[in-house]
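Letter by letter, the chains look like this.
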Amino acid sequence: MKFALPFFSRGTPASEALAQRQQLAAYDQVLVWVTVLLMLFGMVMVYSASIALPDSPKYASYQNTHFLVRQASFITVALICGALAFRVPMKTWQKLAPYLFVFTLVLLVLVLVPGLGKGVNGAKRWLSFKVFNLQPSELMKLFMVLYAADYTVRKQQHMHRFTKGFMPMAMAVGCVGLLLLLEPDLGAFGVIVCIAMGILFLGGINGVWFGGIASILVVVFGLVIGLSPWRRERIFAYLNPWTEENALGKAYQLSHSLIAFGRGELFGVGLGGSVEKLHYLPEAHTDFLLAVIGEELGFVGVLVVVVMFYWIIKRAFEIGRQAIAIDLTFAGLTAKGIGLWIGVQTFINMGVNLGLLPTKGLTLPLMSYGGSGVLINCVGLAILLRIDYENRIRMRGGRL
């Protein structure tokens, strides 16, 4: 008795049709799982890095599970907000982009108003809402992606002109930079500049202008560092962290971060076995979470994190390239902008932890402790998922 293979489409064998259906699934399931796994892995490591903090006077009133419970709450809210953001069409995001940018600009101003902005460790970067603290600079990273993508699409015919193409965007970024430097938050400003410049470059800005402006920005950042004594001292300490003065001063975090990686070796000392998190390495659950991962899970644990972030960034650029190929230019630039944002911030955080870059207060996306960061990262990746979803609809011949 002979059986004919079923056909899902005309002239397509069952195996090939099944492969096509998997490729054209409603959404990118792997992207969802990688994102969720990074957040859950981060939650575990935040708990491990913060479990000993209540032993210090600063956190004496906290429970051992304080940061674990709060991080779990942040992730829950982030996933809900991400699900809601996924339901918003990209046409709506494009219409809202300028208004969201201006709204966040107002929030950055409010941070600097006495009595409204909340200061931590000498920097005023938060707005307190009692239940949670909002960091507007995190919002600006996402909304700068949307605004720059929308601007590039609207000004496409003027992208080779300085006054109409580049100057308005430069003024917008300059306003953001001025407000961030007053907080101060040089790290966030650096990420936002990379996002804006990257999207303009991908959108076809004149190459000569781009090179000249990039050179000017390098000079500006150099002057900001050179004219700030404490930033200058941090650079000198980074160049030679093992002198007694630096190791006990400006390079204290860097030296203990490197010690953590050294102790971890290949497979680590075991989950929960970190010594550096026992009040030696400051901000172990936020800016230096990767150092705790390196100590407890070793080179293998760090490599897993690096590969997962690499996959997300690579996937973002693939989705963006696909969107541009089917004439969804705003969506494509937004996808690539999200990839730039996650990539630049991840590179800076990892570079700081590994001693490749000077110490800077930037968290590891999706993983480090913090409500604003996890929430905005999740919403950004939900928008990326939405772009991929709309790409698949368009490739099926559907309408958006």
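Definitions and limits used
Residues numbered from 1 in each chain as written. Predicted model: local features only at pLDDT ≥ 70, side-chain atom pairs only at ≥ 80, totals over all residues. Heavy atoms only, no water. Helix = DSSP H or I, 4+ residues; strand = E, 2+ residues; numbered from the N terminus. Rg over C-alpha atoms; globule rule 2.2 N^0.38 Å. Buried < 20%, exposed > 50% of the residue type's maximum accessible area, 1.4 Å probe, protein only. Contact = heavy atoms within 4.5 Å. pLDDT = per-residue confidence, 0-100. Axes fitted to C-alpha atoms, helices over the stretch in contact; angles between N-to-C directions. Parallel < 35°, antiparallel > 145°, perpendicular 65-115°, else oblique. Salt bridge = Lys/Arg side-chain N within 4 Å of Asp/Glu carboxyl O.

Participant: How should the overall build of the chain be read in this particular structure?
Facilitator: Across its full length, the chain holds 14 helices and five strands. In summary, the chain has a C-alpha radius of gyration of 23 Å against a globular reference of 21 Å for 400 residues, a match within 12%. Seen along its three principal axes, the alpha-carbon backbone of the chain occupies a region of about 80 × 65 × 40 Å. The buried share among the 400 residues of the chain stands at 49%. Excluding contacts between residues fewer than 6 apart, the proportion of contacts in the chain whose partners are at least 24 apart in sequence is 71%.

Participant: So what exactly am I meant to see when it comes to the side chain of Ser50 here?
Facilitator: Position of Ser50 among the secondary structure elements: in helix H2 (residues 29-50). Residue class for Ser50 comes out buried when judged on its relative accessible area of 0%.

Participant: Can you walk me through the confidence of the model for the chain in this structure?
Facilitator: When pLDDT is low, close inspection of the predicted coordinates is not appropriate. For the chain, per-residue confidence averages 88 on the pLDDT scale, and residues scoring 70 or more make up 93% of the total. No element of the chain has a lower mean pLDDT than strand S1 (residues 7-9), which averages 40, and none a higher one than helix H12 (residues 289-325), which averages 97.

Participant: Any chance you could explain the packing of helix H7 (residues 186-202) against helix H8 (residues 207-226) here in plain terms?
Facilitator: Between two packed helices, both the angle of their axes relative to each other and the distance between the axes serve to describe the pair. In the contact formed by H7 and H8, the axes pass within 12 Å of each other and the chain directions differ by 175°. When the axes of H7 and H8 are compared, the pair comes out roughly antiparallel. On the side of H7, the interface is formed by Leu186, Phe189, Gly190, Val193, Met197 and Phe201, while H8 contributes Phe210, Ile213, Ala214, Leu217, Phe221, Val224 and Ile225.

Participant: What is the right way to read the environment of Gln94 from this model?
Facilitator: Here Gln94 lies in helix H4 (residues 90-111). If we skip the residues at most four places from it in the chain, Gln94 touches Asp150, Val153 and Phe330.

Participant: How should the pattern of salt bridges be read in this particular structure?
Facilitator: It is possible for side chains of opposite charge to pair when their charged atoms get near one another. This structure, assessed with the given rule, holds 11 salt bridges. Taking the shortest distance from any N to any O, the salt bridge between Arg154 and Asp150 comes out at 2.8 Å. Here Arg154 pairs with Asp150, and both are found in helix H5 (residues 136-154), just four residues apart, close to one helical turn. A relative accessible area of 3% places Asp150 in the buried class. Members of the salt-bridge network, linked through shared partners, are Asp28, Lys314, Arg315, Glu318, Asp388 and Arg392.

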